[in-house]
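Commentary on secondary and tertiary structure
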Amino acid sequence: HYYYLARVPNDQLTNDFQWTYWTGSEWSGDQTLAQPIINGSEGVAAGVSIYQKADGTNVFLSKKYDALGTDIYAWTTPYLTGWTQQATPVLAPVPNVDANAGETTYLAEAHKWAALASDKLLISWSLNSNAANFFGSPRYGIYFTEVTQP
């Protein structure tokens with residue numbers, strides 16, 4: 001997946017002519033000039049969390065390679081237009097997944113609003129199994145853990 005950056009005034013969301021797109025060096029009203037801020041070759045999943053830390057650092061968190069991957073990564077930048085293509089592992093690998101039993105994980109999410117006494121970041125991911133029957137896998141669900149802030 002490729003991720004692009006666009007902006008528009010709050011009161012102009014439905015006005016196509018007010019949208020501008022990041023070209024890699026400047027903002028343009030021409031959507032065809034838009035360049036990705038995160039390149040698809042980096043393995044970014046369809047589900048992502050983007051948030052800003054108290055120090056102003058922007059964080060882009062994703063399950064790398066979605067259901068095919070084993071790790072949750074973060075990309076960081078002080079500016080929304082300046083994402084680094086180098087990702088940092090946040091949780092690698094996601095624990096307690098039995099790939100031999102057909103289990104996969106997907107949809108990593110950051111829960112930055114959860115104030116933890118540890119000052120760590122609460123993240124979650126979904127677990128599924130291709131061996132599950134109609135009633136699902138006994139381990140199917142959403143799992144949570146604390147990680148060091150990226």
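Data block above holds the structure.
Below is a short write-up of the structure.

On a plain count of helices and strands, the chain comes out with zero helices and ten strands. The long-range fraction of contacts in the chain, counting pairs at least 24 apart against all pairs at least 6 apart in sequence, stands at 41%. Carbon and sulfur atoms make up 53% of the accessible area of the chain, which totals about 9100 Å². Each charge class in the chain can be summarised by its mean position, and for the 7 positive and 13 negative side chains these summaries are 7 Å apart.

Once that is clear, we can look at the environment of D71. Mapped onto the elements of the fold, D71 is located in the loop between β5 (58-63) and β6 (72-77). Considered as a pair, D71 and I38 are 33 residues apart in the sequence and their alpha carbons are 17 Å apart. Among the polar contacts listed, one links the side chain of D71 to the side chain of T70, at a separation of 2.9 Å.

The subject of this paragraph is the sheet that holds strand β4 (residues 48-52). Taken in spatial order, the four strands make up an open sheet running β4-β5-β6-β7, and their pairing is antiparallel. On the outer flanks of this sheet lie β4 and β7 (88-91), each paired with one strand and no other. On average, each strand axis in the sheet is inclined to that of its neighbour by 30 degrees, with strand direction left out of account. Here β4 runs beside β5; their pairing, made up of five bridges, is antiparallel. Opposite Q52, over in β5, you have N58 as the bridge partner.

This part takes up the side chain of T23. The topology assignment puts T23 in the loop between β2 (20-22) and β3 (27-28). Among the residues examined, T23 registers a relative accessible area of 15% and is labelled buried. A distance of 3.3 Å separates a polar atom in the side chain of T23 from the backbone nitrogen of S25. Discounting residues that sit within four places of it in the chain, T23 has contacts with S28, L33, A34 and Q35.

This part covers the packing of aromatic side chains. This model, assessed by the stated rule, comprises four aromatic pairs. Aromatic side chains F60 and W75 sit 5.8 Å apart centroid to centroid with 90 degrees between the ring planes, which places their arrangement in the edge-to-face category. With F60 in strand β5 and W75 in strand β6, the pair connects residues that are 15 residues apart, well separated along the chain. A residue is classified by how much of its surface remains accessible, and W75, at 0% relative accessible area, is buried. Counting every residue linked through ring pairs, the aromatic cluster contains Y3, F60 and W75.

Thresholds applied
Residues numbered from 1 in each chain as written. Predicted model: local features only at pLDDT ≥ 70, side-chain atom pairs only at ≥ 80, totals over all residues. Heavy atoms only, no water. Helix = DSSP H or I, 4+ residues; strand = E, 2+ residues; numbered from the N terminus. Contact = heavy atoms within 4.5 Å. Areas by Shrake-Rupley, 256 points an atom, 1.4 Å probe, with all protein chains shown as cover. Lys, Arg positive; Asp, Glu negative; His and termini not counted. Charge placed at Lys NZ, Arg CZ, Asp CG, Glu CD. Polar contact = N/O pair within 3.5 Å; in protein donor to acceptor, adjacent residues only side chain to side chain. Pairing = 2+ DSSP bridges. Axes fitted to C-alpha atoms, helices over the stretch in contact; angles between N-to-C directions. Buried < 20%, exposed > 50% of the residue type's maximum accessible area, 1.4 Å probe, protein only. Phe/Tyr/Trp six-rings, centres within 6.5 Å; stacked < 30°, edge-to-face > 60°.

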